[in-house]
Amino acid sequence: TDADSVLRRALRRPGVVLVLVTAVIALVAQRALIGSGDLVGGRLLPAPDGASELWATYTAAWNPVGLGSTEPAEGYVAVLAVVASVLLGKVWVVVDVLVLLAVPLAAAAAYVASRRVVRSLTLRLWASATYAVLPVATGAVAGGRLGTLLLLVLLPVVAGPALRLARVLDPEPTWRTAWGNGLLLALLVAFVPPVWVLAVALAAVAAVTTARTSTDRLRLAAAVLVPLVVLVPWSLQLLTDPSRLLVEAGV
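Reading the values: rules and limits
- Residues numbered from 1 in each chain as written.
- Predicted model: local features only at pLDDT ≥ 70, side-chain atom pairs only at ≥ 80, totals over all residues.
- Heavy atoms only, no water.
- Axes fitted to C-alpha atoms, helices over the stretch in contact; angles between N-to-C directions.
- Helix = DSSP H or I, 4+ residues; strand = E, 2+ residues; numbered from the N terminus.
- Parallel < 35°, antiparallel > 145°, perpendicular 65-115°, else oblique.
- Contact = heavy atoms within 4.5 Å.
- Left-handed = near helix turned anticlockwise from the far one by under 90°.
- Nonpolar A, V, L, I, M, F, W, Y, C, P; charged D, E, K, R; others polar.
- Salt bridge = Lys/Arg side-chain N within 4 Å of Asp/Glu carboxyl O.
- Buried < 20%, exposed > 50% of the residue type's maximum accessible area, 1.4 Å probe, protein only.

(A) View of the packing of helix α11 (residues 194–208) against helix α12 (residues 214–230). Two numbers describe how α11 lies on α12: the axes approach to 9 Å, and their chain directions differ by 175°. Put simply, α11 runs roughly antiparallel to α12. Seen from α11, the contacting residues are Trp196, Ala199, Val200, Ala203, Ala206 and Ala207; seen from α12, they are Arg217, Leu220, Val224, Pro227 and Leu228.

(B) Region of interest: the packing of helix α6 (residues 102–113) against helix α7 (residues 121–132). Their axes nearest at 8 Å, the elements α6 and α7 cross at an angle of 145°. For the element pair α6 and α7, the recorded crossing hand is right-handed. Contact residues: α6 offers Val103, Ala106, Ala107, Ala110, Tyr111 and Val112, while α7 offers Leu121, Arg124, Leu125, Ser128, Tyr131 and Ala132. Across the contact of α6 with α7, the residue classes tally to 10 nonpolar, 1 polar and 1 charged.

(C) Representation of the pattern of salt bridges within the structure. Under the counting rule described, the total for this entry stands at 3 salt bridges. Put simply, Arg145 and Glu248 hold a salt bridge, and the shortest N to O gap is 3.8 Å. Residue Arg145 is found in the loop between α8 (134–137) and α9 (146–165), and its partner Glu248 is found in the segment after α13 (234–240); the two are separated by 103 residues along the sequence. Residue Arg219 pairs with Asp216 through a salt bridge whose shortest N-O separation is 3.0 Å. Within this pair, Arg219 and its partner Asp216 are both found in helix α12, separated by 3 residues, close to a single helical turn. Asp216 carries the same exposure label as Arg219, and that label is buried. Each of the salt bridges in this network shares a partner with another, and the network as a whole consists of Arg167, Asp216 and Arg219.

Here it is as structure tokens:
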């Protein structure tokens, strides 16, 4: 049937096979965690009952009466609130998917992102499979480090636009590329603040090496400033208390 032919074509794609194999391996390795209750331990915070609690926590600092007296919630709280709202308030789904499926998600991201820079299919599969085990090799899964897991999954996705913005892959970057980079960077910084320091350093290097015009430098500056604007008021705390730049999401 037509449905069989579509499925057959999909299963013949090396990338699909890679993701399925890594997903099976990950689920078998973590079978003791599936269906045993809420994921706890490591740096994982207890998941609230609904997205409304996350929104209340994040917007508490915006209350005119308490402004300045209430410490802003971490930036990742807003991100989880947005995603949980889409999932009908089920915050635990976001956490479970990221922890249990970090390996196949990392494999998929690496495979897709390497399309423009690696021509050899064998090399792409080998590199993607190797990258996929990083969440396990770094102890991020065992330690419940939600920020590191998100970073490992999205890093290949962010790398492509970042290289285009720095004129490494794209001879003519646009402002759309800059704003897209900034929003992706804001997502990562919300969970892993040290990423912002690294991004500023890399943008400075690109500004004096690969950037050709003042407009290129303005785009680089805009990309690293977007997270500070999007994540207000929490981002202001990062500037006044630099020690926060060393701590990722979690306990």
